[in-house]
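# Observations on the three-dimensional arrangement
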Amino acid sequence: MATPESEAFVRTFARGLKVIEIMGRGTGRRTLAEIAAGCELPRTVVRRFLLTLTELDFVHSDGKGYWLTPKVLRLGMSYLYTLPFWRQAQLVLEELCAQVEQSCAVSVLDGEDIVYVARVHARRILAMSPVIGSRLPAHAVSMGRVLLAGIDAVALQTYLSEVSLRKLTDATVVDRTQLAAELALARAQGFAWVNQELDDSICGIAVPIRGTDGGVAASINISLPAGSHTLATAQAQFVTPLRQAAARIRIAGL
């Protein structure tokens, strides 16, 4: 693997991707100074990247501000198209949402976060309603717990020793020993229930989506308004439909 210190590492290419990443974190138009500060690069360097991205039609500018164009979506969609289960997952989620009348999603693990790769909203929109591409801290959500429970022991130990456990609500688990116990429970029971740890208005329940090798490749969940269910009622009502949906996605080609 190429590291920033190796000859194989193309620093200029990495910096260009960083510019796109920083521009995608905000809304609206960004000034050269704002983008340079976010990238921690000199303005003259960032300006050259922006001129190149403008020429390639990934960025537009009015002379004062810069913003990404829809062409950038090709980069993200390229990842989704490579997922063997993506199209099937969207169909399965739509049917699951109609069955349980709640919002449903599929996510994968990326470092300390989960990333939504499929999402279907119920008619009742929750206060926090992520979309495809949204990132959430894995430790504070049900899909994250399932995904973390599925990684190997060495990777999990590294995660637990290095992760920054943010206190998002009064209920968020930030004690590493307690989080490890929650992950062990999720691994043993085959699902995770998280109540008001990300947001006071939301709870959720998730199960793993396994690949043909039996490993956890993704996770599927149902999001619920806080207070609408207990662990017992959520488990009784939603675990079986979730597992059936996960099995269908696995059959689709994981």
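Just above sits the structure.
In this text, all values refer to a predicted model and were calculated from it rather than measured experimentally. Every chain is numbered independently, its residues counted from 1 as its sequence is written. Local features in a predicted model are, by the rule used here, given only for residues with pLDDT of at least 70; side-chain atom pairs are given and counted only at 80 or more, and totals for whole chains, interfaces and linings are based on all residues. As a rule here, side-chain values cover all heavy atoms of the structure and leave hydrogens and water aside.

### With respect to empty space enclosed by the protein
- A pocket, in this scheme, is an open set of points on a 1 Å grid over the protein atoms alone with protein on both sides within 12 Å along at least 5 of 7 lines, while a cavity is a set where a 1.4 Å probe fits but cannot get out; residues line either one if an atom lies within 4 Å of a point. Grid points are joined across faces, edges and corners, and a volume is the space filled by probe spheres set on the points. Per the stated rule, a full pass over the model turns up 1 cavity of 30 Å³ or more.
- One number sums up the size of the largest cavity: a volume of about 180 Å³.
- Val 141, Leu 198, Ile 202, Asn 221 and Ser 223 are the residues nearest the centre of the largest cavity, which is lined by 20 residues in total.
- Helix and strand assignments follow DSSP, with helices taken as H or I runs no shorter than four residues and strands as E runs no shorter than two, numbered in order from the N terminus. Elements supplying a minimum of two residues to the lining of the largest cavity: β4 (113–120), α6 (142–149), β7 (202–210) and β8 (216–225).
- The element best represented in the lining of the largest cavity is β7, accounting for 3 residues.
- Residues are grouped as follows: Ala, Val, Leu, Ile, Met, Phe, Trp, Tyr, Cys and Pro are nonpolar; Asp, Glu, Lys and Arg are charged; all remaining types, including Gly, are polar. Within the lining of the largest cavity, the residues separate by chemical class into 12 nonpolar, 5 polar and 3 charged.

### Here's the deal with helix α8 (residues 176–189)
- A helix is expected to span 1.5 Å for every residue after the first. The end-to-end C-alpha distance of α8 is 20 Å, a good match for the 20 Å that 14 residues give at a rise of 1.5 Å each.
- The complete set of buried residues in α8 reads Leu 179, Leu 183 and Ala 186. Here the buried residues of α8 occupy an arc of 60° about the axis, which is enough to place them on one side. Of the exposed residues in α8, those oriented more than 90 degrees away from the buried face are Thr 177 and Ala 188.
- The contact definition used throughout considers only heavy atoms, calling two residues in contact when any of these lie within 4.5 Å. Looking at the packing, one finds that the buried side of α8 touches α6, α7 (153–162) and β6 (192–195).
- Pairing of N or O atoms within 3.5 Å defines a polar contact, subject to two protein rules: one partner must be a possible hydrogen donor and the other a possible acceptor, and residues neighboring in sequence count only if both atoms are side-chain atoms. A side-chain oxygen of the first residue of α8 lies 3.1 Å from the backbone nitrogen of Thr 177; this N-cap is Asp 175.
- Once α8 ends, the next one or two residues include Gly 190, with phi positive near 80°. Three labels apply to residues, based on accessible area from a 1.4 Å probe with only protein chains included: buried if under 20% of the type maximum, exposed if over 50%, partly exposed otherwise in between. This arc is taken over the directions from the axis of the helix to the C-beta atoms.

### Some points on the packing of α7 against α8
- Inter-axis angles, ranging from 0 to 180 degrees, are taken between N-to-C directions of lines fitted to C-alpha atoms, where helices are fitted over the stretch in contact. Where α7 contacts α8, the two axes come as close as 10 Å, and the packing angle between them is 145°. For the element pair α7 and α8, the recorded crossing hand is right-handed. Residues Leu 156, Tyr 159, Leu 160, Ser 161 and Glu 162 of α7 lie in contact with α8, whose contacting residues are Arg 176, Leu 179, Ala 180, Leu 183 and Arg 187.
- Counted by class, the contact of α7 with α8 contains 6 nonpolar, 1 polar and 3 charged residues. Working rule for handedness: look at the near helix, and if it is turned counterclockwise from the far one by less than a right angle, call the crossing left-handed; if clockwise, right-handed.

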